[in-house]
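Here's the letter readout for the chains.
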Amino acid sequence: NISKDEKLFFADVNSKHNLSSKDLEQGKKASVLIGPEGDFLPAERELILSKPETVPFTLSKNILRADTAVISAISIVNFIHNNH
């Protein structure tokens, strides 16, 4: 359940979108969703992407381990939030 005052940043291995300052709206809470090691099931991906608050984005051209993906995703969001 994501409220309207929150954005869900979905680190999606299939996305080509790089996060930008336009994706981070002032005053909105941000949550980052990282998948399990084997990725999400197709039905899970559909559900996540069906939510209007979801912003899929790429972390890397390579598939990262879950623990590395968490650090990368939070670093990207913090960098954009603090520098733009």
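Our subject is the structure that appears above.
One numbering rule holds for all chains: residues counted from 1, following each sequence as written. Local features are withheld for residues below a pLDDT of 70 in this predicted model, meaning they are given only at 70 or higher, and side-chain atom pairs are given and counted only at 80 or more; totals for whole chains, interfaces and linings count all residues. Heavy atoms throughout the structure, all of them, feed into the side-chain values; hydrogens and water do not.

Chemist: What's the story with the overall build of the protein chain in this structure? I'm lost.
Modeler: Comment: elements are numbered from the N terminus, with helices defined as DSSP H or I runs of at least four residues and strands as E runs of at least two. Within the protein chain one finds two helices and three strands. In summary, the protein chain has a C-alpha radius of gyration of 12 Å against a globular reference of 12 Å for 84 residues, a match within 12%. Considering only C-alpha atoms, the protein chain reaches an extent of 35 × 25 × 20 Å along its principal axes. Within the protein chain, contacts between residues at least 6 apart in sequence are counted, and of these 67% link residues at least 24 apart. All accessibility values rest on the Shrake-Rupley procedure with a 1.4 Å probe; residue burial counts only the protein chains present in the view. About 5,900 Å² of surface is accessible on the protein chain, with carbon and sulfur atoms providing 53% of the total. For the protein chain, the separation between the mean place of its 10 positive charges and that of its 11 negative charges on side chains is 5 Å. For a compact globule the rule gives 2.2 Å times the number of residues to the power 0.38, and the radius of gyration it is set against comes from C-alpha atoms. We call two residues in contact whenever any of their non-hydrogen atoms come within 4.5 Å of each other. Only four residue types enter the tally: Lys and Arg on the positive side, Asp and Glu on the negative side, with His and both chain ends excluded. Think of each charge as sitting on NZ of Lys, CZ of Arg, CG of Asp or CD of Glu.

Chemist: Just checking my understanding: could you explain the sheet that holds strand E1 (residues 6-11) for this structure?
Modeler: Sheets are built from strands paired through backbone hydrogen bonds, the pairs being either parallel or antiparallel. For two strands to be treated as a pair, DSSP must find at least two bridges joining them. Spatially, E2-E1-E3 is the arrangement adopted by the three strands of the open sheet, whose pairing is parallel. A strand with exactly one partner marks an edge of an open sheet, and here the two such strands are strand E2 (29-33) and strand E3 (54-57). Mean inter-strand twist for the sheet, computed between neighbouring axes without regard to direction, equals 25 degrees. In this sheet, E3 lies alongside E1 in parallel orientation, the contact comprising four bridges. Bridge assignment links Phe10 to a residue of E3, and that residue is Pro56. Contacting E1, E2 and E3, helix H1 (residues 42-50) runs over the sheet at an angle of about 145 degrees to E1. Note on geometry: axes are C-alpha line fits, over the in-contact stretch for helices, and angles between N-to-C directions span 0 to 180 degrees.

Chemist: Sorry if this is basic, but what is going on with the pattern of salt bridges here?
Modeler: For this analysis, a salt bridge means a side-chain nitrogen from Lys or Arg found within 4 Å of a carboxyl oxygen belonging to Asp or Glu. On inspection of all chains with the given rule, the structure shows two salt bridges. As a salt-bridge pair, Arg45 and Asp12 come within 2.5 Å of each other at their nearest N and O atoms. Remark: Asp12 occurs in the loop between E1 and E2 and Arg45 occurs in helix H1; sequence separation between them is 33 residues. Exposure class is identical for Arg45 and Asp12. Each is buried. A salt bridge links Asp67 to Arg65; the shortest N-O distance between them is 3.8 Å. With a 1.4 Å probe rolled over the protein chains alone, any residue whose accessible area is under 20% of its type maximum counts as buried; one over 50% counts as exposed, and the rest are partly exposed.

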